[in-house]
Amino acid sequence: MSGAHLVTRALSRAGVKTVFSLSGNQIMPIYDACIDAGIRIVHVRHEAAAVHMADAWAQLTGQVGVALLTAAPGITNGLSPLYSARMAESPVLVLSGDSPLSADGTGPFQELAQIEITRPLVKRSLRPTRAAALDRDVTEAMQTALSGRPGPVHVALPFDLLQQAVEEDGSPCPEAPARQRTGLPEQQARAIAQRLAQAQRPLVLVGPMLNASRAAALLEAARETLRAPIIPMESPRGLRDPSLGTFAGCLAEADLVLLLGKPLDFTVAHGKTPSFHAEAGVIVVDPDAALLERAIEGLGPRLREHAQADADAALQALCQAGAAPSPRGDWLARVEAAIASRQLAAGAGGSSDAAKLLPQAICGEVQRALDQADDPILICDGGEFGQWAQAFCHAPTRVINGVSGAIGGGLCYAIAASLARPGATIFTLMGDGTVGFHLSEFETAAREGARFVAVVGNDARWNAEHVIQMREYGADRLYGCQLSAAARYDQAAQALGAHGGYADTLDDLRQALAAAVNSGKPACLDIRMDGQAAPSFASTGVAAKGPH
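Residues numbered from 1 in each chain as written. Predicted model: local features only at pLDDT ≥ 70, side-chain atom pairs only at ≥ 80, totals over all residues. Heavy atoms only, no water.

A word on the overall build of the chain
And then number 1: On a plain count of helices and strands, the chain comes out with 22 helices and 17 strands.
And then number 2: Here the chain has a C-alpha radius of gyration of 24 Å; the compact-globule value for 548 residues is 24 Å, and the two agree.
And then number 3: Overall, the chain is about 70 × 65 × 45 Å in size when its C-alpha atoms are taken along their principal axes.
And then number 4: Counting contacts in the chain only where the partners sit at least 6 residues apart, residues at least 24 apart contribute 78% of the total.
And then number 5: Of the roughly 21,600 Å² of accessible surface on the chain, a fraction of 51% belongs to carbon and sulfur atoms.
And then number 6: Across the chain, the centroid of the 45 positively charged side chains sits 5 Å from that of the 56 negatively charged ones. (Helix = DSSP H or I, 4+ residues; strand = E, 2+ residues; numbered from the N terminus. Rg over C-alpha atoms; globule rule 2.2 N^0.38 Å. Contact = heavy atoms within 4.5 Å. Areas by Shrake-Rupley, 256 points an atom, 1.4 Å probe, with all protein chains shown as cover. Lys, Arg positive; Asp, Glu negative; His and termini not counted. Charge placed at Lys NZ, Arg CZ, Asp CG, Glu CD.)

Written out as structure tokens, the structure is:
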């Protein structure tokens, strides 16, 4: 048995049946071993796409998503989506080929200090030194990815270890990796549950791993038991997340906020006023000691309790703690109404070109198609059009660009979603700037039999930057934001094997959406639209009450 076969043995034991990869010299032994292991390799057109796909796979299946990249330029091409996966709390394993261990320091082909580069981006980065330990090293890496706050890990695989023959010594194989959780001690769970029960207007803020797509049953049970709003936060826009409506006003009213696996960071305005009421108490439960220290320092006397525990285990412990909260029906209804609010603020959503479709209208047609699907999945990329999509489209399963704020992964997410759930109806919405990042992956999608509809809002510019330049510098200082108005992304996708469609009216859009869904192919719709700034919603006008 070769070292490469030990790697695939570890993957198979973990239930991995699909790996996302781009071929390269140093990983050919693993390609060969995947044949014997029956592991499907989805080979892509750029290494970043492989990591994006592994990220979405992890989010949608709960399993470890695996990306297999070649050495030096291969692993470095995958760094940006590795950061996105870390911020999205996705259990991803990146395996990379590496120069031979025996040639260290002699200048071998593509020698690079890989683990030093990836270490700040992952939970664990390692380079094995013994072929016989490859199974255990890879298994332990996956264990790390799944446990605590989930996140990516990286294993750099020296080429000589992959090729080395390994004698079976009869020692037992490692156990399959599984999530290991640090629970909330019973006494602390009772104390925190009691504080929540006594609060008049509590809020529980959670991170991406407890979003509605990944933890729907736990969230629903906890809301019912604790009688408190539980709000997943996974947008780089934080409290300005358009999918949260006017929720920010409710946060300013809360008398107690529990940050449950939700870091104290820019997305919650660092816990400062006026976003938080000056007299509101804050409780922090987090698996990471460093983030607890940050909260202790940042919140000072407003910190009521803190504990080191995993978010899912802690939420279950709070539900079992036995505290009896008041019904709080008015507060629950107020928060629910605020999140559902979509009344555009004065001046928002106006058209500068009445002849073009507005992003809200495009989203409305997509939502009608989602409503007709048996198993709908919504994927929203970043940018201004992505914010309209997050505000006005919804589905039980959703993947967005995440706290990293990176754009460009939406097409890759859609491919992984289709391979993970072949029967799903998938819509991925993105701007014309975003689709350019991985346009060539339409060839991957067609080759691999993926099915989804990519709706490209085409306003012929990098609109987020256009909005900033207009606001900060004025129309006469616009620079570096324009894209070609003649570009036809649908035709480019068609040339790569996908279905293509074009629309510049609502009637054309309805027909294009129906044709795309029925095409049986990956589809790209080029929709000409009027570029709009991300939506902002009118405040409910309720004054922050704060604690009594």
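Details of the packing of helix α15 (residues 359-372) against helix α16 (residues 383-392)
And then number 1: Remark: α15 packs on α16, axes separated minimally by 9 Å, with the N-to-C direction vectors making an angle of 45 degrees. Here α15 is positioned oblique relative to α16, judged by the angle of their axes. As for how α15 packs across α16, the hand of that crossing is right-handed. Touching Pro-359, Gln-360, Ile-362, Cys-363 and Gln-367 of α15 are Phe-385, Trp-388, Ala-389 and Phe-392, all from α16.
And then number 2: Of the residues belonging to the contact of α15 with α16, the class tally is seven nonpolar, two polar and no charged. (Axes fitted to C-alpha atoms, helices over the stretch in contact; angles between N-to-C directions. Parallel < 35°, antiparallel > 145°, perpendicular 65-115°, else oblique. Left-handed = near helix turned anticlockwise from the far one by under 90°. Nonpolar A, V, L, I, M, F, W, Y, C, P; charged D, E, K, R; others polar.)

What to know about the domain arrangement of the chain
And then number 1: Domain annotation for the chain reports domain 1 (3-163), domain 2 (186-340) and domain 3 (359-528).
And then number 2: Inter-centroid distance (C-alpha atoms) of domain 1 to domain 2 is 35 Å.
And then number 3: Each partner contributes to the interface: domain 1 provides nine residues, whereas domain 2 provides twelve residues.
And then number 4: Both faces combined, the contact of domain 1 with domain 2 buries some 750 Å², and carbon together with sulfur accounts for 42% of it.
And then number 5: Contact with domain 2 buries area across many residues of domain 1, yet Gln-59, Glu-89 and Arg-149 alone supply 67% of it, more than any other trio.
And then number 6: At the junction of domain 1 with domain 2, the criterion picks out two salt bridges.
And then number 7: With its nearest N and O atoms 2.6 Å apart, the salt bridge here joins Asp-288 to Arg-149.
And then number 8: Taken together, domain 1 and domain 2 are joined by six residue pairs in polar contact (both at pLDDT 80 or more).
And then number 9: Tallied by class, the residues present in the side of domain 1 that touches domain 2 amount to four nonpolar, three polar and two charged. (Domains from an automatic or database assignment. Buried area = accessible area lost by both parts, 1.4 Å probe. Salt bridge = Lys/Arg side-chain N within 4 Å of Asp/Glu carboxyl O. Polar contact = N/O pair within 3.5 Å; in protein donor to acceptor, adjacent residues only side chain to side chain.)

Describing the packing of aromatic side chains
And then number 1: Counted by the stated rule, this structure contains five aromatic pairs.
And then number 2: Residues Phe-20 and Trp-57 carry aromatic rings whose centres are separated by 5.8 Å and whose planes lie at 65 degrees to one another, so their mutual orientation is edge-to-face. Of this pair, Phe-20 sits in strand β1 (residues 18-21) while Trp-57 sits in helix α3 (residues 47-61), and the two are 37 residues apart along the sequence.
And then number 3: Owing to a relative accessible area of 0%, Phe-20 belongs among the buried residues under this scheme.
And then number 4: With relative accessibility at 11%, the residue Trp-57 sits in the buried group. (Phe/Tyr/Trp six-rings, centres within 6.5 Å; stacked < 30°, edge-to-face > 60°. Buried < 20%, exposed > 50% of the residue type's maximum accessible area, 1.4 Å probe, protein only.)

Regarding the packing of helix α1 (residues 3-13) against helix α2 (residues 28-37)
Two measures define how a pair of helices packs: the angle their axes make with one another and the distance between the axes.
And then number 1: Interaxial distance between α1 and α2 falls to 8 Å at its minimum, and their mutual angle equals 50 degrees. In terms of orientation, α1 lies oblique with respect to α2. As for the relative orientation of α1 and α2, their crossing is right-handed in sense. For the pair α1 and α2, contact is made by Ala-4, His-5, Val-7, Thr-8 and Ser-12 and by Pro-29, Ile-30, Ala-33, Cys-34, Asp-36 and Ala-37, respectively.
And then number 2: Here the residues of the contact of α1 with α2 sort into seven nonpolar, three polar and one charged.

What to know about the environment of Leu-6
And then number 1: When you line up the elements, Leu-6 lands in helix α1.
And then number 2: Expressed as a C-alpha distance, the spacing of Leu-6 and Leu-162, which sit 156 residues apart in the sequence, is 8.5 Å.
And then number 3: Filtering out sequence-adjacent residues up to four positions away, Leu-6 remains in contact with Met-1, Ala-131, Ala-132, Leu-134, Asp-135 and Val-166.

Regarding the sheet that holds strand β4 (residues 92-98)
And then number 1: What the six strands build is an open sheet, ordered β2-β1-β3-β4-β6-β5; its pairing is parallel. Two strands lie at the open edges of the sheet, namely β2 (40-43) and β5 (124-126), each paired on one side alone. Looking at each pair of strands side by side, their axes are set apart by 20 degrees on average, direction ignored.
And then number 2: Bridge count between β1 and strand β3 (residues 65-69): two bridges; the pairing is parallel. Paired with Ser-21 across the strands is Leu-68, a residue of β3.
And then number 3: Of the strands in this sheet, β1, β3, β4 and β6 (153-158) touch α1, which is tilted by about 175 degrees from β4. (Pairing = 2+ DSSP bridges.)

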